[in-house]
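# Coordinate analysis (summary)
Chain residues, written in single-letter form:
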Amino acid sequence: THSYEIESVGLILSEYNSESFSEYNNIFYYKYKRHPLYFFKAAYRINKYIEKFKPDVIHIHSTFAGLFVRFPLLFNKKKCKVVYCSHGWSFLMEGSKLRNKVFVFVEKILSKRTDLIINISNNELDQSLKRNLPKDKSVVIYNGIKDSFNESDIELEMDNNKINLLYVGRFDYAKGIDIIIDYFEKYDTENLNLYVIGEGVLSKTQFETNVKTNIHFLGWVDNKELDSYYKSADAVIMPSRWEGFGLVAIEAMKNSTPVIASNRGALSEIIDDGYNGKIFNIENLNTLEQILKTTSKMEYQRMGRNGRINYKDNFTSEIMNQDIISNYKKIIKKY
């Protein structure tokens, strides 16, 4: 964000799968693969750049970047303040108890060299405090997105006589794509269409056997076209098993589209049941059936308008950025 309170910004990015930020001057790329040898190389090169740039605040995004930056700083008394956001705690993801305990232990150690821990939802904050991460360093700042729309020439032929649902996301266990596919197989969905955007860990071929004709796989869609899909759907469905925040829900609300979401993670914080969407229990899909059988197009439209209000009040990029800058100022003044 552009702010008179920030003099300069430097970006340190992995060469792997990073976006282009050609408009910035202070860009540094490091080589990285998920292999222990690259961990040490990445940590070394990142911290060499930090020494060169000499920032007042280091803002770290994601678990592994948090490790690469903060571990060397444990042994270095640099004056800069360290802000860390995991964008979803790794110890809350599906995995073995031992794995999750290791992540908790590492986060506790690294928190000693952290001045501010940003949680992306109250659920994330509550879960971190249960594991004794420092409360006095922890805040909640919701993710925000820019209030702009990309125009697209795509022509969507959705049946206005049916309820058109949209799923946007990876095909993986956490996102629960298999749950909604299974629902369409086992329940009466004659009044529904499901449009699926995304690919990933679970390939489309795993769902092709006996998939109903009212499920439409669209593959990956360019980000510039997503707004058109959100606007065209009656509702976005998010059957997530785990969701640290739920950016898809914010993108839907920006486009005045309500969200039907599972009762997991932060989704019930973002979705006010009956106001800007509906919440169902993924352990009991009869609750989803009740929603899909009884909610009219007019009701979806009403909830979509409310979602737009909720987005403007809580989830714009301007709100997020000002909150972040305010917290930068607090930690700089604190010491």
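Details of the structure are given in the entry above.
All of the points below concern the structure found in this document. As the structure is a prediction and not an experimental result, all values here were calculated from the model.

Each helix and strand counted, the chain has 11 helices and 12 strands in total. The C-alpha atoms of the chain give a radius of gyration of 21 Å, which matches the 20 Å a tight globule of 335 residues would have. With respect to the principal axes defined by its C-alpha atoms, the chain has extents near 65 × 45 × 35 Å. Taking all 335 residues of the chain together, 47% fall into the buried category. With the model as given, the accessible surface of the chain reaches about 18,300 Å², and the carbon-plus-sulfur share is 50%. When the 46 positive and 42 negative side-chain charges of the chain are each reduced to one mean point, those points stand 11 Å apart.

Another point: the environment of K81. By the secondary structure assignment, K81 is in strand β4 (residues 81-85). For K81, a relative accessible area of 13% translates into the label buried. Each C-alpha atom of the pair K81 and I309 lies 35 Å from the other, and the pair is 228 residues apart in sequence.

With that out of the way, let us pick up the sheet that holds strand β3 (residues 57-61). Here 4 strands make up an open sheet; going across it, the order is β3-β4-β5-β6 and the pairing parallel. One side of each edge strand has no neighbouring strand; the edge strands of this open sheet are β3 and β6 (138-140). Each adjacent strand pair in this sheet contributes to an overall mean axis angle of 20 degrees, direction not counted. Pairing of β3 with β4, which is carried by 5 bridges, proceeds in the parallel orientation.

In the Ramachandran plot, H87 falls in the positive-phi region, its phi being about 60 degrees despite a non-glycine side chain. Structurally, H87 can be placed in the loop between β4 and α3 (97-111). The class of H87 is partly exposed, set by a relative accessible area of 35%. Residues other than glycine seldom take positive phi values, yet N132 does so here, at roughly 65 degrees.

The next subject is the packing of aromatic side chains. If you walk through the whole model with that rule in mind, you get 13 aromatic pairs. On the basis of an interplanar angle of 15 degrees and a centroid distance of 5.0 Å, the ring pair of F28 and Y49 is categorised as stacked. Residue F28 is found in strand β2 (residues 26-30), and its partner Y49 is found in helix α1 (residues 36-53); the two are separated by 21 residues along the sequence. Summarising the burial analysis for this pair, F28 and Y49 share the class buried. Here the aromatic cluster, defined as three or more aromatic residues joined through ring pairs, consists of F28, Y49 and F53. The ring of Y84 carries the charged tip of R70 above its face, separated from the ring centre by 3.7 Å. Sitting over the face of the ring of F149, K254 holds its NZ or CZ atom 5.1 Å from the ring centroid.

Turning to its location among the elements, S268 is positioned in helix α8 (residues 267-270). Between the C-alpha atom of S268 and that of M253, which follows or precedes it by 15 residues, the distance is 14 Å.

Bringing the state of the cysteines into the picture now. One pass over the full model with this rule turns up 0 disulfides. No disulfide involves C80; its nearest neighbouring cysteine sulfur is the one of C85, lying 18 Å away.

What counts and what doesn't
- Residues numbered from 1 in each chain as written.
- Predicted model: local features only at pLDDT ≥ 70, side-chain atom pairs only at ≥ 80, totals over all residues.
- Heavy atoms only, no water.
- Helix = DSSP H or I, 4+ residues; strand = E, 2+ residues; numbered from the N terminus.
- Rg over C-alpha atoms; globule rule 2.2 N^0.38 Å.
- Buried < 20%, exposed > 50% of the residue type's maximum accessible area, 1.4 Å probe, protein only.
- Areas by Shrake-Rupley, 256 points an atom, 1.4 Å probe, with all protein chains shown as cover.
- Lys, Arg positive; Asp, Glu negative; His and termini not counted.
- Charge placed at Lys NZ, Arg CZ, Asp CG, Glu CD.
- Pairing = 2+ DSSP bridges.
- Axes fitted to C-alpha atoms, helices over the stretch in contact; angles between N-to-C directions.
- Phe/Tyr/Trp six-rings, centres within 6.5 Å; stacked < 30°, edge-to-face > 60°.
- Lys NZ or Arg CZ within 6 Å of the ring centre and 35° of its normal.
- Disulfide = S-S within 2.5 Å.

The analysis is restricted to geometry; functional conclusions fall outside its scope.
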